[in-house]
Each structure stands twice: as C-alpha cells, then as structure tokens.
Amino acid sequence: MPDRQSALVVRAAAGDEHAVNELYDLYAGTLYGFGLRRLGDAELAEELVQRVMTRLWQLADRYDESRASVRTWVFTIARTTLIDLRRRNDLVPPVAEPAEHPEEDDEFDKLVRAEAVRAALERLSPQHREVLDLAYFRALTQQEIARALGLPLGTVKSRTYYALKALRLACDELGVTR
C-alpha cells in the first residue's frame, strides 16, 4: 500500500492539480532553501522550485516507489535541475560563507544522503543486503559472517564484493555523492 506522498504522486500522474499543490506545499520551502544555499541567488532558487515541481508533475507517471521514496526522487530531480541552472547561468558553486546555522545545512545534506543510501540498499538482493548488514552495521568479520550464514569464506568475500559494487551502482543511479 503506497504511503501518503506516493499516493499524491499517483494522483498527480492522473492530472489531479490538488495533489500537485499538496506536493508543492510539502517540498517548496525545503527546495527553496536547498537552491538558495547552493545557487546563492533568491531568483534562481525560486526558479529551481518551479522547475522541480514542473518536472515532478511531468514525470509523475514514471515514479516507482519500489526504487526510491518520494523525497529521494524529488531531491534527485532537484540535484539535476540545480546542475542545469548552474550550467545555463555559468555559475560556480558559491563560496561557502559561514552559515547562520551550519549544523542545519549539514543535517539536511546528511538526511538527503541517508535517504538516498537507504533507497539504494533497498534495491539490493536480500543476500547482498544481509552480508552488508552483518559487515557494516553489526561489525562482523568476514569469518564471523561465514559462520553466521553457514557459507564458505570465499563465498562471503565475493558476495560482499558484489554487494558493494551493486550498492555503488545504485547510489550512482540515485545521484548519491561520496
């Protein structure tokens, strides 16, 4: 069953303007802040919001909730739109000035990145997710993982290698930067 935001995207894909307005209300402020921090220009930040929301409406029928949350999808669109705006305006990223609340910028970036990584992990096979969970979240060694899963050590090593490779590819597809 789709969550509320996914349901809004489905309604937007069907041409429901009220759903688009609700999505705008949910994301416009955050998108504006994202654009303002990265573009350093209020007009361009407003243009970013408008372009992202227009693209969201245009692409709503292509959204796949099994690949990413609505938030991750929206900020993936925002990232590519931001790059396009920079290119069009020959902008370089603004020099980082001391922010009033730098921890908010850092936290926002971390939140967006974490959401995208979570979506990337969901794309992996259960076996790949399992080995990464044991290695990175439970801090087991390769030998401990082999014992826990009843697999040969070589199988665990190759599964870990291919799991990391698949995760890197999924992150690249979602626009996750390192």
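Before any of the text, the structure's been laid out above.
Presented here is a report on the structure given in the accompanying data block. (Residues numbered from 1 in each chain as written. Predicted model: local features only at pLDDT ≥ 70, side-chain atom pairs only at ≥ 80, totals over all residues. Heavy atoms only, no water.)

## A word on the environment of arginine 11
Residue placement: arginine 11 occurs in helix H1 (residues 4-13). On the accessibility criterion, arginine 11 (33% relative accessible area) is partly exposed. Here the alpha-carbon distance between arginine 11 and tryptophan 57, two residues 46 residues apart in the chain, equals 9.9 Å. Setting aside residues up to four positions removed in sequence, arginine 11 forms contacts with Asp16, His18, Ala19 and Glu22. (Helix = DSSP H or I, 4+ residues; strand = E, 2+ residues; numbered from the N terminus. Buried < 20%, exposed > 50% of the residue type's maximum accessible area, 1.4 Å probe, protein only. Contact = heavy atoms within 4.5 Å.)

## A look at the environment of alanine 148
By secondary structure assignment, the location of alanine 148 is in helix H7 (residues 142-149). Sequence separation between alanine 148 and leucine 134 is 14 residues; the distance between their C-alpha atoms is 9.1 Å.

## Examining the environment of leucine 26
Assignment of secondary structure puts leucine 26 in helix H2 (residues 17-39). Judged by its relative accessible area of 33%, leucine 26 falls in the partly exposed class. Apart from residues no more than four positions distant in its own chain, leucine 26 is found in contact with Arg4, Gln5 and Leu8.

## Description of H2
Here H2 spans only 29 Å end to end across 23 residues, well under the 33 Å set by a 1.5 Å rise per residue. Along H2, the sharpest kink reaches roughly 45°, centred on tyrosine 27. Every buried residue of H2 is accounted for by Ala19, Val20, Leu23, Tyr27, Ala28, Leu31, Gly33, Phe34, Gly35, Arg38 and Leu39. Capping the start of H2, aspartate 16 holds a side-chain oxygen 2.8 Å from the backbone nitrogen of histidine 18, two or three residues further along. Phi turns positive, to about 70°, at glycine 40, one or two residues after H2. (Expected span 1.5 Å × (residues − 1). Bend = angle between axes of the 7 residues up to and from the residue. Polar contact = N/O pair within 3.5 Å; in protein donor to acceptor, adjacent residues only side chain to side chain.)

## Thoughts on the pattern of salt bridges
Applying the stated rule across the entire model yields six salt bridges. With a shortest N-O distance of 2.5 Å, glutamate 47 and arginine 88 are connected by a salt bridge. In this pair, glutamate 47 sits in helix H3 (residues 42-59) while arginine 88 sits in helix H4 (residues 70-88), placing the two residues 41 residues apart along the sequence. Note on glutamate 47: relative accessible area 22%, which makes it partly exposed. Shared partners join several salt bridges into a network, and the residues in it are Arg4, Arg11, Asp16 and Glu22. (Salt bridge = Lys/Arg side-chain N within 4 Å of Asp/Glu carboxyl O.)

## A closer look at helix H6 (residues 126-137)
All of the buried residues along H6 are His128, Val131, Leu132, Leu134 and Ala135. Seen from one end, H6 has its buried residues packed into an arc of 165°, which puts them on one side. The outward face of H6, more than 90 degrees from its buried face, is lined by the exposed residues Pro126 and Phe137. Just downstream of H6 lies alanine 139, where phi reads positive at about 55°. (Arc of directions from axis to C-beta.)

## Considerations on the nonpolar core
With 29 residues, the main nonpolar core has Leu23, Leu31, Trp73, Val74 and Phe75 as its most contacted residues. For this core, the secondary structure elements donating two or more residues are H1, H2, H3 and H4. Once you skip the residues sitting within four places of it in the chain, leucine 23 turns out to touch Gln5, Leu8, Val9, Ala12, Met53, Leu56 and Val70. Core analysis: the next-biggest nonpolar cluster, separate from the first, contains 14 residues, Ala120, Ala135, Val156 and Leu167 among them. (Core = buried A, V, L, I, M, F, W, Y, C linked by side-chain atoms within 4.5 Å.)

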